[in-house]
Amino acid sequence: MSKRKSILLAILSILMLVFAGCMNQNVAPKQEVAKEQVKVVLYLPNEAASGVAKEVVEIDKKDANPLGVLNRLIAEEVKDKYSVFPKELKAKDVRVADGLAYVEFNEAFLKSQAGGSLTERLELASIVNTLTEFKDIKEVMFIVNGDPVTEISGHVDMTNPISRIDDLIVESK
Amino acid sequence: MRTIWKMVCMVAVFIMMPVAILMAANASEVTDVRWVTRNDAPISYVRIVLDLTKRVEADAMITRDGLSTKLVLKNTKMKDAPKRMSLDRNIVKSAVLAENGNDLYITLQTPSAIEPEDIKVFQLKKDDSIKKPVRLVIDVMQKNVKPRDHYFGMEKNAVDSKHLDKNKVKYKSRGNVDIKKLLKDKGISLDKRKKVKIGDEEIIYLSDFKTSGGIKGKVIAIDPGHGGTDVGAPSQNGVYEKELTLPIALELEKKLKKAGAKVYLTRHDDRDVYGPRSSAVDELQARSDVGNDNEADIFISIHINSFTNPKIGGISSYFFPKTPYDKKLAAKIGAKIANKDGFGGDRGVNEAGFYVLKHTTMPATLVEIGFISNPKEEKLLLKKKVQEEFAELMCEGIIEYFKGA
């Protein structure tokens, strides 16, 4: 009996250890996944308004897709006292096909902050350069309410997709 | 065509007939034509190579439907070359080579509409080391295909979104959005009047414009930015951009006319050029058309900048490099106006994809004269004297440009 008991106990304790191990494995890594951060590149207008400067930020891995990065860009940019993005701007969707990203914004996108071509160029360079950091995005077009956007304040030609604007990339803030 | 005809007349008058006959006798000959489909690029392309006995002058245009491309090789004859070739049915269906007077016409048929950026034409020098004669190369890119992820010479540092988010790279789909179709449905046409790039630093234009010989007789289009229901950028004091661009443009018109130029303005008063509350595309195309329809030699668009930070100021000029002269025009005018006293300084001669710069067929520049959002610059720009001074400086820059140096 006692021999049997001890064998049973041994089996039980081994089972408990195994279960405990399984439970640990099930819980702990999940928490790590949720916390995992990756680095992404944003382009934000510099103080002299001479261009957009590269800034590397950490973002939840689950948001490290074009839409998540774009909304992070907006969140960072509007912190600036002289933000070029329209107030209340929100990216609703980004679809990528054949190197072309179709970005759907809310209606705020149609209202320029200052109306000048500089504001317009910096806004577009900030968005397009950030999105073209994704290897599968080469060009960007904009959509609001299902319609393509062909103007912000009437300077930049938006009838064709806009590709990366390297000319406006500056060294630092 | 004006320039070409004038040049032809000049040759006839000054260099006389014997030379012209000699030139015809000295035509370049096409001795062979080869082609291949190249797959070593993100997008496949067909390369057509013509062997020539000497360098040629070439001209190229794409029909409005984009399905047919015509190259004209000036003073060129056929020798031992096929007249008609079937090529890659996915990229270029056929090529037809036909003599037309002294010139050789090459007509390419493509299965899909192509844009000027899909075709590249350039000449290669004679290379005795590899026993190659002068060659004319025509590259046509395949349309409607996804660029390859891996190919020779690809970017290395780009972020791969698939790598970043392996589990979920989902783009919510509510059906595919066809932008070009949407634009078409909205009545917005994609402009086909663009130039095809001819490599080797030779660029061929579909329209003619003069770039030298002095300002006298030159045709100049001036576009006072915004107007009518499109007020442009507002200042903190309630002044609109459209009110400042017009007086500068009117002054510039006066000065250019005095210098002997023929001047067209997109507007002479406070109005929309296309129509009240029209779309920017209609409005900006109507302005571009004033230059295009009058076969202007240059196009000048006058704007006042604006920014969220009122301290930002300065003067900049912009160009889109559709011809080798756009940058030169922007630089000549920019050099005169950029350091005007009292303004925030030179913000440079910059490349920009502004609509009127891309959709005009002649060299064009857009100048941003100061910032209406900067109270100091706004105050200066409201002064008649300052407006006149800017017009004078721009006129000087334009005179410099037409010196052709």
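Every chain begins its residue count from 1, and numbering advances along the sequence as written. Labels are handed out in written order, letters beginning with A for the chains and numbers beginning with 1 for the ligands. In keeping with the model being predicted, local features are shown solely for residues with a pLDDT of at least 70 and side-chain atom pairs are shown and tallied solely at 80 or more, while totals for entire chains, interfaces and linings include all residues. Water and hydrogen atoms were dropped before computing side-chain values, which therefore reflect all heavy atoms in the structure.

Caption draft 1: Molecular detail of the sheet that holds strand E13 (residues 262-265) of chain B. Residues and elements named next belong to chain B. Read from one edge to the other, the open sheet built from 6 strands follows the order E13-E12-E14-E17-E15-E16, with strand pairing classed as mixed. Two strands bound the open sheet, and with one partner strand each, they are E13 and strand E16 (346-351). Adjacent strand axes in the sheet meet at a mean angle of 20° when their direction is disregarded. When DSSP locates at least two bridges between a pair of strands, those strands are taken to pair. Every helix listed is a DSSP run of H or I at least four residues long, and every strand listed is a run of E at least two residues long, numbered separately from the N terminus. Judged from the 4 bridges that link them, strand E12 (residues 219-224) and E13 form a sheet pairing that is parallel. Bridged to Val-219 within E13 is Lys-262. Helix axes are fitted to C-alpha atoms over the stretch in contact, other axes to C-alpha atoms as well, and angles between N-to-C directions run from 0 to 180 degrees.

Caption draft 2: Local environment of the side chain of Ser-306 of chain B. Tracing the backbone through its elements, the reader meets Ser-306 of chain B in the loop between strand E14 (298-305) and strand E15 (315-319). Throughout, a contact is declared for two residues whenever any of their heavy atoms are within 4.5 Å. Beyond its immediate sequence surroundings of up to four residues, Ser-306 of chain B is in contact with Ala-114, Gly-115, Gly-116, Leu-118 and Thr-119 of chain A together with Ala-233, Phe-371, Ile-372 and Ser-373 of chain B.

Caption draft 3: Spotlight on the environment of Pro-116 of chain B. Residues and elements named next belong to chain B. By the element assignment, Pro-116 lies in the loop between strand E8 (103-109) and strand E9 (119-124). Relative accessible area serves as the criterion here: at 5%, Pro-116 is assigned to the buried category. Sequence separation of Pro-116 and Gly-66 is 50 residues, and the distance between their C-alpha atoms is 8.9 Å. Throughout this description, buried means an accessible area under 20% of the type-specific maximum (1.4 Å probe, protein chains only), exposed means over 50%, and partly exposed covers the range between.

Caption draft 4: Seen up close, the pairing of strand E17 (residues 364-371) of chain B. Residue and element names in this part refer to chain B. Most of E17 sits inside the fold, with 8 of its 8 residues counted as buried. As paired strands, E15 and E17 are joined by 4 bridges and run antiparallel to one another. Looking at the pairing, Tyr-318 lines up with Leu-366 of E17.

Caption draft 5: Representation of the sheet that holds strand E6 (residues 84-86) of chain B within the structure. Residues and elements named next belong to chain B. Across the sheet, 5 strands lie side by side as E3-E4-E8-E7-E6; this open sheet has antiparallel pairing. Edge positions in the open sheet fall to strand E3 (58-62) and E6, since each of these has one partner strand only. Sheet twist, expressed as the mean angle between neighbouring strand axes with direction ignored, is 15°. Both E6 and strand E7 (residues 94-100) contribute to a ladder of 3 bridges, which runs antiparallel. Within E7, the residue paired with Arg-84 across the bridge is Val-96.

These figures come from the coordinates and say nothing about function on their own.
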